[in-house]
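Read off the chains here:
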Amino acid sequence: MNLGAIAARAALNREVRAFFESRDFVEVETPQIVVAAGTDPYIDPIPAQLTVGREMRAMSLHTSPEFAMKELLAAGMERIYQICHVWRDGEITALHNPEFTLLEWYRAGVPYDVIMDDVEALVGAVLDIDGPMQRMTMQQAWLSACGLDPIQTAGDVDALAEASGNGRWERWDELFFDLMLERVEPWVAEQGAVFITEWPTELAVLARRCSHDPRVAERFELYVDGVELANGFGELTDAHEQRTRFEIDNSQRRAIGKPEQPMPDRFLAALSRGLPQSSGVAVGLDRLLMLRVGASQIADVLPFALER
């Protein structure tokens, strides 16, 4: 057990809280056992069961505090952040543990480049990165890394497979992530700290479409030395479009043999009441701590990692 990592985490948490307090954010807490954890085909909640009287209710451990935090935005809060444990079923790798710590924050009334400014300031201070971080679109990153254009071929699995010479695939999104892993991320790892912005709308999740190009969405990720640290959005505020995306997610889950997830009706109701233009981001604190202390795997900074 690395006791030094425990002290380093405590110091990081103090630094994070000081960062947000200096910017007039309010620290919030939201439920960690929820009715609807989300429909994303690539994120699997861990089931939980709650007994109320004689009634047993199917619940889940939350995979992110996103829905509840956006409800707070809809209720009138403007700058909020949270440090919490989240749970996701699936792989245990050098960068994944089923239980991990997220730092998530939101601002009402700002475009998503302001959230990127926040991320740059916080991560730059924690990791002693001087100067501005690169920002490039997903299209620019792919063209630079492997000469492929993910926007021109978005949604067309045959076109992307032919352009990449990567065999036959049934699903465009699966081929997209395979190419990201094999061809794009190794190139990104050589760029130091870089934001990858303007994701294809097929992968928008909860992000709104870009006004200048509806083929892409206001989604970004921050990579530092090849480690994905942050995933942020200019938030979608249209309840009808969001419900449609959730339904598409569940159809994709059925197609790949996964169970459907409950519709996040409470979150959709908050969108219907009115969510202001907002932007937000989630940062993996365990990964940030890894980079800060020079660890090679997430278990090195988790004293109770599931597998060591």
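Residues numbered from 1 in each chain as written. Predicted model: local features only at pLDDT ≥ 70, side-chain atom pairs only at ≥ 80, totals over all residues. Heavy atoms only, no water.

Novice: Provide a residue-level description of the overall build of the chain, including the pertinent values.
Specialist: The helix and strand inventory of the chain stands at 9 helices and 12 strands. With the C-alpha coordinates aligned to their principal axes, the bounding extent of the chain is approximately 55 × 50 × 40 Å. The buried share of the chain, taken over its 308 residues, is 49%. Sequence separation of at least 24 residues holds for 67% of the intrachain contacts in the chain that already meet a minimum separation of 6. Carbon and sulfur atoms make up 49% of the accessible area of the chain, which totals about 14500 Å². On the chain, the mean spot of the 28 positive side-chain charges and the mean spot of the 49 negative ones are 5 Å from each other. (Helix = DSSP H or I, 4+ residues; strand = E, 2+ residues; numbered from the N terminus. Buried < 20%, exposed > 50% of the residue type's maximum accessible area, 1.4 Å probe, protein only. Contact = heavy atoms within 4.5 Å. Areas by Shrake-Rupley, 256 points an atom, 1.4 Å probe, with all protein chains shown as cover. Lys, Arg positive; Asp, Glu negative; His and termini not counted. Charge placed at Lys NZ, Arg CZ, Asp CG, Glu CD.)

Novice: Describe in detail the pairing of strand 10 (residues 213–224), supporting the description with residues and values.
Specialist: Judged by how many residues are buried, strand 10 sits mostly within the fold: 10 of 12 residues are covered. Pairing between strand 9 (residues 209–210) and strand 10: 2 bridges, direction antiparallel. Its bridge partner being in strand 10, cysteine 210 is matched across the sheet by aspartate 213. The turn linking strand 9 back onto strand 10 is made up of 2 residues. The sheet contact formed by strand 10 and strand 11 (residues 227–234) spans 6 bridges and is antiparallel. Bridge pairing in strand 11 places phenylalanine 220 opposite glycine 232. Linkage of strand 10 to strand 11, two consecutive antiparallel strands, is achieved through a turn of 2 residues, within which aspartate 225 is found at a positive phi near 50 degrees. (Pairing = 2+ DSSP bridges.)

Novice: Please provide a residue-by-residue account of the packing of helix 7 (residues 239–255) against helix 8 (residues 265–274), values included.
Specialist: Put simply, helix 7 and helix 8 touch, their axes get as near as 9 Å, and they point 155 degrees apart. Classified by the interaxial angle, the pair formed by helix 7 and helix 8 is roughly antiparallel. Together, Ala239, Gln242, Arg243 and Phe246 of helix 7 and Asp265, Phe267, Leu268, Leu271 and Ser272 of helix 8 make up the contact between the two elements. Of the residues assigned to the contact of helix 7 with helix 8, the class counts are 5 nonpolar, 2 polar and 2 charged. (Axes fitted to C-alpha atoms, helices over the stretch in contact; angles between N-to-C directions. Parallel < 35°, antiparallel > 145°, perpendicular 65-115°, else oblique. Nonpolar A, V, L, I, M, F, W, Y, C, P; charged D, E, K, R; others polar.)

Novice: Could you give an account of helix 7, with specific residues and numbers?
Specialist: In a regular helix each residue adds 1.5 Å, so 17 residues correspond to 24 Å; helix 7 covers 24 Å between its end C-alpha atoms and thus fits that length. Contacts from the buried residues of helix 7 go to helix 2 (66–74), strand 9 and helix 8. Positive phi shows up at glycine 257, right after helix 7, with a value of about 80 degrees. (Expected span 1.5 Å × (residues − 1).)

Novice: Describe the pattern of salt bridges, with residues and values.
Specialist: A complete count under the given rule lists 21 salt bridges for this structure. Across the pair arginine 9 and aspartate 286 runs a salt bridge, and its minimum N-O distance is 2.7 Å. In this pair, arginine 9 is assigned in helix 1 (residues 3–21) and aspartate 286 in helix 9 (residues 285–293), connecting sequence segments 277 residues apart. Each member of the pair, arginine 9 as well as aspartate 286, carries the same accessibility label: buried. The salt bridge involving glutamate 55 is made with arginine 57; its shortest N-O contact spans 3.6 Å. Exposure remark for glutamate 55: the relative accessible area of 43% places this residue in the partly exposed category. Beyond isolated ion pairs, a larger network of salt bridges with shared partners links Asp44, Arg253 and Lys258. (Salt bridge = Lys/Arg side-chain N within 4 Å of Asp/Glu carboxyl O.)

Novice: Help me get a handle on the nonpolar core, residues and values and all.
Specialist: For soluble globular proteins, nonpolar side chains are generally found buried alongside one another. Ranked by internal contacts, the top residues of the largest apolar core, which has 39 residues, are Phe20, Leu103, Trp105, Val119 and Val123. Sort the elements by how many residues they give to this core and helix 3 (residues 112–127) lands first, with 8 residues. Not counting residues within four places of it along the chain, the set of residues in contact with leucine 103 comprises Val16, Phe20, Tyr81, Gln82, Ile83, Leu122, Val281, Ala282, Val283 and Leu285. Judged by nonpolar contacts, the second largest core, of 20 residues, contains Ala141, Trp142, Leu160 and Tyr223. (Core = buried A, V, L, I, M, F, W, Y, C linked by side-chain atoms within 4.5 Å.)

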